[in-house]
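What follows is each chain in one-letter form.
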Amino acid sequence: MPTLILSAGMAQAATIEVTIEKMAFSPAEIAAKIGDTIEWVNKDTFVHTASVKGGWDVQLPVKKSGSVVVDKAGTLDYYCRFHPNMKGRIIVAP
Amino acid sequence: MHVRLLATVAALGLAGSLSLATAADKPSDPQIAHIAYTAGAIDVEAAKQAIAKSKNKEVVAFAESMLRDHEAVKQQALDLVKKLNVTPEDNATSQALSKAATAERDKLSGLEGAAFDKAYVDNEVAYHKQVNSALEGLLIPSAQNAELKGLLETGLKLFQGHQQHAEHVAAALK
Ligand SMILES: [Cu+2]
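Values in this document were obtained by computation on a predicted structure and should not be read as measured data. (Residues numbered from 1 in each chain as written. Chains lettered and ligands numbered in written order. Predicted model: local features only at pLDDT ≥ 70, side-chain atom pairs only at ≥ 80, totals over all residues. Heavy atoms only, no water.)

Asks: Hey, could you run me through the overall build of chain B in this one?
Replies: Secondary structure assignment for chain B yields 6 helices and 0 strands. Across the 174 residues of chain B, 47% fall into the buried class. The contacts in chain B between residues at least 6 apart in sequence include a share of 80% that link residues at least 24 apart. Accessible area for chain B stands at about 8,500 Å²; split by element, carbon and sulfur atoms hold 57% of it. (Helix = DSSP H or I, 4+ residues; strand = E, 2+ residues; numbered from the N terminus. Buried < 20%, exposed > 50% of the residue type's maximum accessible area, 1.4 Å probe, protein only. Contact = heavy atoms within 4.5 Å. Areas by Shrake-Rupley, 256 points an atom, 1.4 Å probe, with all protein chains shown as cover.)

See the structure below:
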């Protein structure tokens, strides 16, 4: 059944990259689908985190990256625990 | 006038006074580099004191992040002055900052336990506020070199982050 194969192929999870540079997440807001991987690449000389209150906490050492797989639909606001003025948002579609 | 302003700065523990400087007091790039370096070094010393004295896990973790970030900025500043071939120049603002910081460190050294933690974190909030207003109101607008200005702008975002982080820790201590 070619249709099924095609839709399975389309549903393949993507990796979405967010860069951290000069104390900011860029892009600050991204759209994702359940199963996608969000990868943060820290280009700063400061240690950052991508953290959700009461949720995940991704450590992002200097010049390193870290990732998370989004498994629920909804809007996720995250921030850096060390620099709470750094904020980002992931809108996860089902 | 200048002397009186500085005396007031020292007496108030610097509260907001750095932003009082007028256009006539506009610091030069070598002076700005010195002020930025001094401001970072002061917070490094404060962090070291807190790491040595505090028994509160959250306060120590906060101090460790201050130490780490300010060391990183210090390195960036040193690399930049080397690249630009600028010799940081000591000045009245740097001296007033250092003097106020020494007084604060002496005050904190006499405190223990929860009293120390509260005083350290409260001072971190106040200190970052002062540095931020100096960066916004005086240092960034005065900087001539684009790279120096860029470093100060990133520094402002970093310090604003530290201020919020310190506010979170202060709220958790209550
Ligand atoms: Cu951060």
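On we go from here.
Asks: Would you mind showing me how to read unusual backbone geometry here?
Replies: Among all residues save glycine, negative phi is the norm, and among peptide bonds the norm is trans. The peptide bond linking S26(A) to P27(A) adopts the cis configuration, its omega dihedral lying at -5 degrees. By secondary structure assignment, the location of P27(A) is in the loop between β2 (24-26) and β3 (29-33). Phi at K22(A) is positive, roughly 50 degrees, even though this residue is not glycine. Along the polypeptide, K22(A) turns up in the loop between β1 (15-21) and β2. In the Ramachandran plot, N85(B) falls in the positive-phi region, its phi being about 60 degrees despite a non-glycine side chain. Among the structural elements, N85(B) can be located in the loop between α3 (57-84) and α4 (92-109). Judged by its relative accessible area of 70%, N85(B) falls in the exposed class.

Asks: Looking at this structure, I do not really get the pairing of strand β9 (residues 87-93) of chain A. What am I missing?
Replies: Two faces, one strand: in a regular strand the side chains alternate between the faces of the sheet. Residues and elements named next belong to chain A. Residues G88, I90 and V92 point to one face of β9 and are all buried, whereas K87, R89, I91 and A93, pointing to the other face, are not buried. Summarising the sheet, β3 and β9 pair through 5 bridges and their orientation is parallel. Bridge assignment links I30 to a residue of β9, and that residue is I90. Summarising the sheet, strand β8 (residues 74-79) and β9 pair through 6 bridges and their orientation is antiparallel. Paired with G74 across the two strands is V92, which belongs to β9. (Pairing = 2+ DSSP bridges.)

Asks: What should I look at first to understand the coordination of the copper ion in this one?
Replies: Coordination angles at a metal have ideal targets, namely 109.5 degrees for four tetrahedral donors and 90 or 180 degrees for six octahedral donors. All names here are of chain A. Binding of the copper ion to the protein goes through H48 (ND1), C80 (SG) and H83 (ND1), at separations of 1.9 to 2.2 Å. Donor residues for the copper ion, ordered by position in the chain, follow H-x31-C-x2-H. Separated by 32 residues along the polypeptide, H48 in strand β5 (residues 48-51) and C80 in the loop between β8 and β9 bring together distant segments of the chain. (Donors = N, O, S within 2.8 Å, 3.2 Å for Na, K, Ca; no water.)

Asks: Is there a simple way to explain the environment of I90(A) in this structure?
Replies: Residue and element names in this part refer to chain A. Its place among the elements puts I90 in strand β9. Sequence separation between I90 and D44 is 46 residues, and the spatial gap between their C-alpha atoms is 21 Å. Setting aside chain neighbours within four positions, we find I90 in contact with I30, A32, I38, W40, W56, V70, G74, T75, L76 and Y78.

Asks: Honestly, the interface of chain A and chain B in this entry has me stumped. Any pointers?
Replies: By a widely used convention, the size of an interface equals the accessible area lost when the partners come together. Between chain A and chain B, the residue contacts involve 10 residues of the former and 15 residues of the latter. Broken down residue by residue, the surface that chain A buries against chain B is led by F46(A), F82(A) and N85(A), which jointly contribute 41%. On inspection of chain A and its partner chain B, the count reaches 0 salt bridges. Along the lines of polarity and charge, the residues of the side of chain A that touches chain B split into 5 nonpolar, 3 polar and 2 charged. (Buried area = accessible area lost by both parts, 1.4 Å probe. Salt bridge = Lys/Arg side-chain N within 4 Å of Asp/Glu carboxyl O. Nonpolar A, V, L, I, M, F, W, Y, C, P; charged D, E, K, R; others polar.)

Asks: In this structure, what is going on with helix α6 (residues 146-173) of chain B? I would like to understand it.
Replies: Residue pairs three or four apart in sequence face the same way in an α-helix, which turns once every 3.6 residues. Between the first and last C-alpha of α6(B) there are 40 Å, a value that for 28 residues agrees with the 40 Å anticipated at 1.5 Å per step. The N-cap of α6(B), judged by a side-chain oxygen 2.8 Å from the amide nitrogen of E147(B) a few residues on, is N145(B). (Expected span 1.5 Å × (residues − 1). Polar contact = N/O pair within 3.5 Å; in protein donor to acceptor, adjacent residues only side chain to side chain.)

Asks: Looking at this model, I keep getting lost on the nonpolar core. Mind explaining?
Replies: As a rule of thumb, nonpolar side chains are buried together in soluble globular proteins. Grouped together as the largest cluster of nonpolar side chains are 46 residues, with contacts concentrated most on F25(A), I38(A), W40(A), Y78(A), I90(A) and L152(B). If you look at the next biggest cluster of nonpolar residues, it comprises 18 residues, including A46(B), A47(B), A63(B) and L108(B). (Core = buried A, V, L, I, M, F, W, Y, C linked by side-chain atoms within 4.5 Å.)

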